[in-house]
Amino acid sequence: IFEAGSLTLVTALYLLSRYSEWRQKPNSSYTYHGHALRMAVSLGLHKELSPTVKDISIKEQRRRIWSCLYSHEYHLSLMQGRPLQYIISNEDMSTSLPSSMDENELWTTNPSMYLGCIERARLLKVFHELWYGCDRASRSSPTKCIKLCEALDAAFKRMPKFLQTDISPSALSHFLQENPWLPFMRYYLRWKHLWLVIYALRHL
């Protein structure tokens, strides 16, 4: 199967990694993810397609898969205390974040099912730049930690208003009626934000 890479196989390996993690099998999860990530890189998912490719759906599919793998890479590394399996620098990675689309594949500024994937990747890009962009010794510096926490706070505040914690209940009720999954997504992103802050604070 490793001699015939495809987007379907990358997705299957990624899902096996998530499933293994939920079954409390960290080694299997780490291994499946490694296979998925390397196959994705061999297929060029970390690079944006040429402008000559006009099919937006193909581009968006590649972006979604890569964003999920990108986020899962950091999740496993930080959660299990293991090295990153693939050091992804901004110079090497040119693919864009997915677009927020509704069920009809139309761009929208309203809540969409891809928000979690998009905003999680944005948070991790900020974390990567300030955490992995410095040497290991300076990670225990209070100044560095404060700078990282402030950058993560700023990234969280740049998320759409309906994901913020300070939005009024009356303004939020309209979105909740049409999107029953939104409360989970709001708190999931907040938990991810605080998890990264706590991870940095533990190194002080």
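Residues numbered from 1 in each chain as written. Predicted model: local features only at pLDDT ≥ 70, side-chain atom pairs only at ≥ 80, totals over all residues. Heavy atoms only, no water.

### Things to note about the overall build of the protein
Inclusion rule: Secondary structure elements follow DSSP: runs of H or I no shorter than four residues count as helices, runs of E no shorter than two count as strands, and numbering proceeds from the N terminus. Each radius of gyration is computed over the set of C-alpha atoms, and the globule rule expresses the reference value as 2.2 Å times the number of residues to the power 0.38. Under the scheme applied here, a residue whose accessible area is under 20% of the maximum for its type counts as buried, over 50% as exposed, and between as partly exposed, the area being computed with a 1.4 Å probe on protein chains only. Accessible areas in this description were obtained via Shrake-Rupley with a 1.4 Å probe; residue shielding takes into account the shown protein chains only. Lys and Arg are tallied as positive, Asp and Glu as negative. Neither His nor the chain termini are counted. Positions of charges follow a simple convention, taking NZ of Lys, CZ of Arg, CG of Asp or CD of Glu.
A count of helices and strands for the protein gives seven helices and zero strands. Starting at the N terminus and walking to the C terminus, you meet the elements of the protein as α-α-α-α-α-α-α. Its C-alpha atoms give the protein a radius of gyration of 18 Å, near enough to 17 Å, the size a compact globule of 204 residues would have. Expressed as a percentage of the 204 residues in the protein, the buried residues total 45%. Counting every atom, the protein has about 11,400 Å² of accessible surface; 57% of that belongs to carbon and sulfur. Looking at the protein, you have 25 positive and 18 negative side-chain charges, and the mean spots of the two groups are 5 Å apart.

### Quick word on a nonpolar patch on the surface
Filter applied, for reference: Two joining distances apply to patches: 9 Å for like charges and 5 Å for nonpolar side chains (Val, Leu, Ile, Met, Phe, Trp, Tyr), and every residue must have over 30% relative accessible area and no salt bridge. We define a salt bridge as a contact between a side-chain nitrogen of Lys or Arg and a carboxyl oxygen of Asp or Glu at a distance within 4 Å.
Taken together, Phe-184, Tyr-187 and Trp-191 make up a surface patch of nonpolar side chains, about 390 Å² in accessible area. Along the chain, Phe-184 falls in helix H7 (residues 182-201). Judged by relative accessible area, Phe-184 falls into the exposed class, the value being 51%.

### Examining the confidence of the model for the protein
Heads up, the condition is: Note on scores: pLDDT gives the predictor's confidence for each residue, bounded by 0 and 100.
Scored by pLDDT, the protein comes out at a mean of 87, with 96% of its residues at no less than 70. Averaged pLDDT values for the elements of the protein fall to 82 in helix H6 (residues 169-178) and rise to 96 in helix H1 (residues 7-22).

### Thoughts on the packing of aromatic side chains
For the record, the criterion: Only rings of Phe, Tyr and Trp enter the pairing, Trp through its six-membered ring, and a pair is recorded when the two centres are within 6.5 Å. The plane angle decides the type: under 30 degrees is stacked, over 60 is edge-to-face, the rest tilted. To sit over a ring, a charge needs its Lys NZ or Arg CZ within 6 Å of the ring centre and within 35 degrees of the ring normal.
In this structure the tally under the stated criterion is nine aromatic pairs. Between the aromatic rings of Tyr-187 and Trp-191, the centroid separation amounts to 6.2 Å while the plane-to-plane angle is 35°, which identifies the pairing as tilted. Taken as a pair, Tyr-187 and Trp-191 lie in helix H7 at a separation of four residues, close to a single helical turn. A relative accessible area of 45% means that Tyr-187 is categorised as partly exposed. Connected via pairs of aromatic rings, a cluster forms that spans Tyr-70, Tyr-74, Phe-127, Trp-131, Tyr-132 and Tyr-199. Here Arg-64 stacks its cationic end above the ring of Tyr-114, 4.0 Å away from the centre of that ring.

### Considering the nonpolar core
Where we set the bar: We define the nonpolar core as a collection of buried residues of types Ala, Val, Leu, Ile, Met, Phe, Trp, Tyr and Cys that are connected through side-chain atoms lying within 4.5 Å of one another. Pairs of residues are marked as contacts when any of their non-hydrogen atoms sit within 4.5 Å.
Of all hydrophobic cores here, the largest spans 50 residues; its most connected members are Trp-66, Leu-69, Phe-127, Leu-152, Phe-162 and Leu-163. Of all elements in the fold, only H1, helix H2 (26-42), helix H3 (56-80), helix H4 (115-132), helix H5 (142-157), H6 and H7 reach the threshold of two or more residues within this core. At nine residues, H4 tops the list of elements feeding residues into this core. Ignoring anything within four residues of it in the chain, the contact list for Leu-69 reads Val-10, Tyr-14, His-33, Ala-36, Leu-37 and Ala-40.

### A few points about the environment of Thr-52
Rules: Definition of a polar contact: a pair of N or O atoms within 3.5 Å, with one able to donate and the other able to accept a hydrogen when the atoms are protein atoms, and with sequence-neighbouring residues admitted only if both atoms are side-chain atoms.
Relative to the helices and strands, Thr-52 resides in the loop between H2 and H3. A distance of 2.9 Å separates a polar atom in the side chain of Thr-52 from a polar atom in the side chain of Ser-50.

### Some words on unusual backbone geometry
A positive phi angle, close to 65°, is found at Gln-24, a residue other than glycine. Judged by relative accessible area, which is 69%, Gln-24 ranks as exposed.

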